[in-house]
Amino acid sequence: MSRPLLQLALDHTSLKAAQRDVSLLHDHVDIVEAGTILCLTEGLSAVRALRQQCQDKIIVADWKVADAGETLAQQAFDAGANWMTIICAAPLATVEKGHAVAAARGCEIQMELFGNWTLDDARAWHRVGVKQAIYHRGRDAQACGQQWGEEDLTRMKALSDIGLQLSITGGITPADLPLFREINVKAFIAGRALAGAANPPQVAQAFHTQIREIWGE
């Protein structure tokens, strides 16, 4: 398994605030995500602005697409995204359309795993050509006290065995990382843990230190 990347999630309601946090963390993260909240507030301009600010980074358009996969993929990638998310409830046709656009441009689709999905769904996405999925503990679940558990790890391992690389998100801190040492992790996604920290670069360094200790250089 390759060494996981560190992703900054920008779920801001203001592009200016998002860009301020990017300026603090640009040199400390591998991936910059235009989060769903930011994209709903600012539209395509958020993706374009982050691409301009982060020309050497992977940019994610976290749109959680449910339909119109081809059109929205074209818009996301034209705006400068490298990856775009599709919600797991989307029809397989939407996944196929979005993936075709991504593949033609050297980009990727990430399946966002919220709510009800099955391993048969995951196998279908993988057969289409999708390589990535996001295992998500949502904000509302965290607020209700949901913790990472053995059921999560078992499902993650099953997804890894199918061949999907996982980005893991949902209140992730550096102390959580040893839980996932047996998982094929593409990236750890942190939002408030990074952008909301008193010293964001220091927290990013703590993530990278843990990643190196567990997965090597």
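It should be emphasised that the depicted structure is a prediction, and the values quoted were computed from it without experimental measurement.

(A) The nonpolar core, seen in detail. With 65 residues, the main nonpolar core has M84 and F180 as its most contacted residues. Ranked by residue count, the leading element in this core is helix α10 (residues 200-215), at five residues. The residues touching F180, leaving out its near neighbours within four places in the chain, are W148, L153, M156, I168, I172, V185, F188 and W215.

(B) Inspection of the packing of aromatic side chains at higher detail. As enumerated under the stated definition, the model contains five aromatic pairs in all. Centroid distance Y135 to W148: 6.3 Å. Interplanar angle 40°. Geometry classified as tilted. In this pair, Y135 sits in strand β6 (residues 132-136) while W148 sits in the loop between α7 (139-143) and α8 (150-162), placing the two residues 13 residues apart along the sequence. For the pair Y135 and W148, one class covers both residues: buried.

(C) Layout of the environment of A81. Its place among the elements puts A81 in the loop between α4 (69-78) and β4 (83-87). As for A81 and E33, which are separated by 48 residues in sequence, their C-alpha atoms are 9.0 Å apart. Apart from the residues within four sequence positions on either side, A81 is in contact with V47, I59, A61, A76 and C107.

(D) Geometry of the environment of C107. Counting through the fold element by element, C107 comes out in the loop between α5 (92-104) and β5 (108-113). On the accessibility criterion, C107 (14% relative accessible area) is buried. C-alpha of C107 to C-alpha of P174: the two residues are 67 residues apart in sequence and 28 Å apart in space.

(E) A look at unusual backbone geometry. Phi angles above zero are rare outside glycine, and K64 is one such case at about 50°. The exposure class assigned to K64 is partly exposed, which follows from its relative accessible area of 21%. Located in the positive-phi region is A68, a residue other than glycine, with phi close to 55°. In this structure, A68 sits in the loop between β3 (58-65) and α4.

(F) Representation of the pattern of salt bridges within the structure. In the structure shown here, the tally under the stated rule is five salt bridges. Here D62 ties to K64 by a salt bridge, and the two come within 2.9 Å at their closest N and O atoms. R123 is the partner of D120 in a salt bridge, and the nearest nitrogen-oxygen pair spans 2.8 Å. With a gap of three residues between them, D120 and R123 both fall in helix α6 (residues 119-128), about one helical turn apart. Shared partners join several salt bridges into a network, and the residues in it are D62, K64 and E112.

(G) Structural view of the sheet that holds strand β1 (residues 5-10). Here eight strands make up a closed barrel; going around it, the order is β1-β2-β3-β4-β5-β6-β7-β8 and the pairing parallel. In this sheet, adjacent strand axes meet at a mean angle of 25° when their direction is disregarded. Both β6 and strand β7 (residues 165-169) contribute to a ladder of five bridges, which runs parallel. Within β7, the residue paired with I134 across the bridge is S167. Relative to β1, helix α1 (residues 15-25) is tilted by about 155°, and along the sheet it contacts β1 and β2 (31-34). Across the sheet, α5 touches β3, β4 and β5, and the angle it forms with β5 is around 145°.

(H) Main features of the state of the cysteines. Tallying each qualifying case throughout the model produces zero disulfides. The thiol sulfur of C88 is not disulfide-bonded, and the nearest other cysteine sulfur, from C39, lies at 18 Å. Unpaired in this structure, C107 has its nearest cysteine sulfur neighbour in C39, at a distance of 15 Å.

Rules and cut-offs
Residues numbered from 1 in each chain as written. Predicted model: local features only at pLDDT ≥ 70, side-chain atom pairs only at ≥ 80, totals over all residues. Heavy atoms only, no water. Core = buried A, V, L, I, M, F, W, Y, C linked by side-chain atoms within 4.5 Å. Buried < 20%, exposed > 50% of the residue type's maximum accessible area, 1.4 Å probe, protein only. Helix = DSSP H or I, 4+ residues; strand = E, 2+ residues; numbered from the N terminus. Contact = heavy atoms within 4.5 Å. Phe/Tyr/Trp six-rings, centres within 6.5 Å; stacked < 30°, edge-to-face > 60°. Salt bridge = Lys/Arg side-chain N within 4 Å of Asp/Glu carboxyl O. Pairing = 2+ DSSP bridges. Axes fitted to C-alpha atoms, helices over the stretch in contact; angles between N-to-C directions. Disulfide = S-S within 2.5 Å.

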